[in-house]
Every structure is written in structure tokens, then in C-alpha cells.
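# A look at the structure
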Amino acid sequence: NSTSFGAAVKAFTIEGVNAVTVMNTRIINYSYGVYLQDTMYNNITNNYFDYNSYAVGLHGNADFNTIANNTITRATFGVYTDYGFNKNSTIIYNNITNLGSSGIGILLQSSAGNIIQGNTMDHNNKGVNLYRCTNSVVSGNIMTYMDQAGIHLIDSSGSTVIDNKINRTRYGPA
């Protein structure tokens, strides 16, 4: 167990190395809690993220990563991918809350083959947002009190969205 505090840019940078585990850590007040780039097979598990702009950010070629059982609160983005075409990550059983009227729980962009399952999200702008994504699965998530949509798909295809519970959102699935 450890705690990382500060206003520095990144608490953890995982770049160019594979199979790293970040576990049981409190990550508070960073631009990026965990930043991944050009890396595969990492586990971001059982962490507490608070007041980070991006709790977990996956950038260019961050593939086959697992983000599981984390608590993410008061961030702009819970889990975020940029346009670097990341693929095959598993985002499961996270509790993503209180991101506010502009926060997005899970935002994936130009990504493919991801599993987003069993996450609980409340009091955010959007729960799950897939932009230009393909062949992903969004299932068994619970989203309540979203200012906008629980699940928002834009220019995405071939994905499966099934068995999600969306309550008290402005638009529901969009």
C-alpha cells in the first residue's frame, strides 16, 4: 500500500515496458494518475484515484491492458484513450463516481476489441463514450445520474452493447 500525492504531471508513467502492475495505491491530484504508452499486458488494479484530470490514460499502442477494481472519483476522465489506436483492453469492475457535469467515466477513441464490463458509474456527464471504435463489448455496467448519456457511441461499429442498467440520465443510450 502506498499513497502518491502531488500536482506533478504523472504519478506513474509506463512507457516502452510490458507487464507492469500498479496495485493498492492511492493516487491523488495529478494530471495523469497512470499514463501508458507503447506498452502491453499491464494491470492497473485495486487503486484509489482522486482529483486527477485523467485517472488512467492509454496512449499510442497501449494494448492488452487490464484496468480492474479501481475507485475513481473527482476526475475529468476515469479511463481515457487518445487517437493512438489502442486495442484489446479490459476495463472491469471499476467504481467511477462524482466526475461532475463535464466528466466522462470511460472515453475510448479510435480503439478496438475492448471489454467494458461490470463498472458502476454515477454523477458524471457521460458513463461510456466510444468514438470511432470497433468490435468492443459494453455489458453489465450500471450508470445513474448522468448529465448526458449513459452510453454514447459516435462513428463506432461492430460493437455489442448489452445488459447495461441506465437510470436517471438525460438521454439514456445515444
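Below: a short report on this structure. (Residues numbered from 1 in each chain as written. Predicted model: local features only at pLDDT ≥ 70, side-chain atom pairs only at ≥ 80, totals over all residues. Heavy atoms only, no water.)

Moving on to the pattern of salt bridges. On inspection of all chains with the given rule, the structure shows three salt bridges. With a shortest N-O distance of 3.0 Å, Asp-63 and Lys-87 are connected by a salt bridge. Of this pair, Asp-63 sits in strand β8 (residues 54–63) while Lys-87 sits in the loop between β11 (77–81) and β12 (90–92), and the two are 24 residues apart along the sequence. Accessibility expressed as a relative area gives 28% for Lys-87, which makes it partly exposed. For Asp-155, the salt bridge is made with Arg-132, and the minimal N-O distance between the two is 3.9 Å. Linking Asp-155 in the loop between β20 (149–154) and β21 (160–162) with Arg-132 in the loop between β17 (126–131) and β18 (137–139), this pair joins segments that are 23 residues apart in sequence. (Salt bridge = Lys/Arg side-chain N within 4 Å of Asp/Glu carboxyl O. Helix = DSSP H or I, 4+ residues; strand = E, 2+ residues; numbered from the N terminus. Buried < 20%, exposed > 50% of the residue type's maximum accessible area, 1.4 Å probe, protein only.)

This next bit is on the environment of Ile-166. By secondary structure assignment, the location of Ile-166 is in strand β22 (residues 165–167). In this structure Ile-166 comes out as partly exposed when scored by relative accessible area, which is 24%. Along the sequence, Ile-166 and Met-146 sit 20 residues apart, while their C-alpha atoms lie 8.8 Å from each other.

Pairing is parallel in the open sheet, where seven strands are placed in the order β3-β6-β9-β12-β15-β18-β21. Two strands lie at the open edges of the sheet, namely β3 (21–23) and β21, each paired on one side alone. Each adjacent strand pair in this sheet contributes to an overall mean axis angle of 5°, direction not counted. Sheet analysis places strand β6 (residues 43–45) next to strand β9 (residues 66–68), joined by three bridges and oriented parallel. (Pairing = 2+ DSSP bridges. Axes fitted to C-alpha atoms, helices over the stretch in contact; angles between N-to-C directions.)

Next up on the list: the pairing of β8. Along β8, eight of the 10 residues are buried, which leaves the element largely enclosed by surrounding structure. Relative to β8, strand β5 (residues 32–40) runs parallel, the two being bridged by seven bridges. Looking across to β8, one finds that Leu-36 is bridged to Leu-58. Note that β8 and β11 share four bridges and pair parallel. Bridged to Gly-57 within β11 is Tyr-80.

A positive phi is found at Phe-64, a non-glycine position, where the angle reads about 55°. Secondary-structure assignment places Phe-64 in the loop between β8 and β9. Classification of Phe-64 as partly exposed rests on a relative accessible area of 31%. Look at Asp-155: it is not a glycine, yet its phi comes out positive at around 50°. Assessed through its relative accessible area of 57%, Asp-155 is described here as exposed.

The subject of this paragraph is the nonpolar core. One recurring pattern in soluble globular proteins: nonpolar side chains tend to sit buried together. If you look at the biggest cluster of nonpolar residues, it comprises 30 residues, and the most contacted ones within it are Val-34, Ile-44, Phe-49, Val-56, Ile-106, Ile-116 and Val-128. Counting residues per element, the ones that place at least two in this core are β5, β8, β14 (104–109), β17 and β19 (142–146). Per element, the largest residue contribution to this core is four residues, and it comes from β8. The residues contacting Val-56, other than those within four sequence positions of it, are Val-34, Leu-36, Ile-44, Phe-49, Ile-67, Gly-78, Val-79 and Tyr-80. (Core = buried A, V, L, I, M, F, W, Y, C linked by side-chain atoms within 4.5 Å. Contact = heavy atoms within 4.5 Å.)

Purely geometric numbers; function is a separate question.
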